[in-house]
Amino acid sequence: MSDARDARTDRTGSPPGEPRRHRRLRVGRWAAFAALARTVFIAVGLVAAYYLLPFDDRGTARTTALLVGGLVAVLLVFSWEVRSIVRSAYPRLKAVEALAATLVLFLVLFAGAYYLLERSAPGSFSEPLTRTDALYFALTTFSTVGYGDITARSQTGRLLAMLQMAGGLLLVGVAARVLAGAVQAGLRRKGREPSAQSRSGTDPGPPDQEAGP
């Protein structure tokens, strides 16, 4: 009997005799660390791409294509993340990761649009924009801080800023509610799986709560 129990625990990758709850907490901590690492990696990768991609060509068509394509990419990434949350073993962690990735992509998108607009139509803003200035303006616009040191002067610049404000409100309000609904759906799905295993006789213990945040 003892040998069979040790073999069973060895197959789970845990030391023999480790309590089930402790094993779940340990796995949950590793999942939280992995989610944090992925979030930092995605954020750093997007910002690095923003600084490294060649945005030196002038032209309003390039700015428009970047904005439209970027908004489509934001929607596609967000839809994929919502489905991933529902299927994830840790829906809450996946939701935080999804929100961070979508937010960084949103900010980088508008920063690139501001930078290209200033290069294609100098004078669109109160001062010439470097890439850092454009990212700074996108972040202050999103956070509604509005220091006033950089302002949009042209009609196109103001339209872009208004579009970002509206998109930011949707991201904070609607997107957050969609992610919360996906988390609840993922938790319900996760709760049904242990019950099904218990009825089939494959789960020897009661269902556990999700470990980690």
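Every value quoted in this text rests on a predicted model; they were computed, and no experiment measured them.

What counts and how
Residues numbered from 1 in each chain as written. Predicted model: local features only at pLDDT ≥ 70, side-chain atom pairs only at ≥ 80, totals over all residues. Heavy atoms only, no water. Core = buried A, V, L, I, M, F, W, Y, C linked by side-chain atoms within 4.5 Å. Buried < 20%, exposed > 50% of the residue type's maximum accessible area, 1.4 Å probe, protein only. Helix = DSSP H or I, 4+ residues; strand = E, 2+ residues; numbered from the N terminus. Contact = heavy atoms within 4.5 Å. Phe/Tyr/Trp six-rings, centres within 6.5 Å; stacked < 30°, edge-to-face > 60°.

### Looking at the nonpolar core
Core analysis: the biggest nonpolar cluster contains 37 residues, and Y50, I85, Y114, F125 and A134 have the highest contact counts within it. Sorting the residues of this core by element identifies α3 (60–87), α4 (91–120), α5 (131–142) and α6 (155–200) as the ones contributing at least two each. The element that contributes the greatest number of residues to this core is α4, accounting for 15 residues. Excluding its chain neighbours within four sequence positions, the residues that come into contact with Y50 are F55, V108, A111, G112, Y115, R131, T132, A134 and L135.

### Concerning unusual backbone geometry
You will see that T144, though not glycine, has its phi angle at about 60°, which is positive. Structurally, T144 can be placed in the loop between α5 and α6.

### Re the packing of aromatic side chains
By the definition in use, this model includes nine aromatic pairs. Seen from their ring centres, F125 and F137 are 5.5 Å apart, and the 75° between their planes marks the pair as edge-to-face. Remark: F137 occurs in helix α5 and F125 occurs in the loop between α4 and α5; sequence separation between them is twelve residues. Taking relative accessible area as the criterion, F125 reaches 2% and is therefore assigned buried. A relative accessible area of 6% places F137 in the buried class. Among the aromatic residues, those joined into a ring-pair cluster are F106, F110, Y114, F125, F137 and F142.

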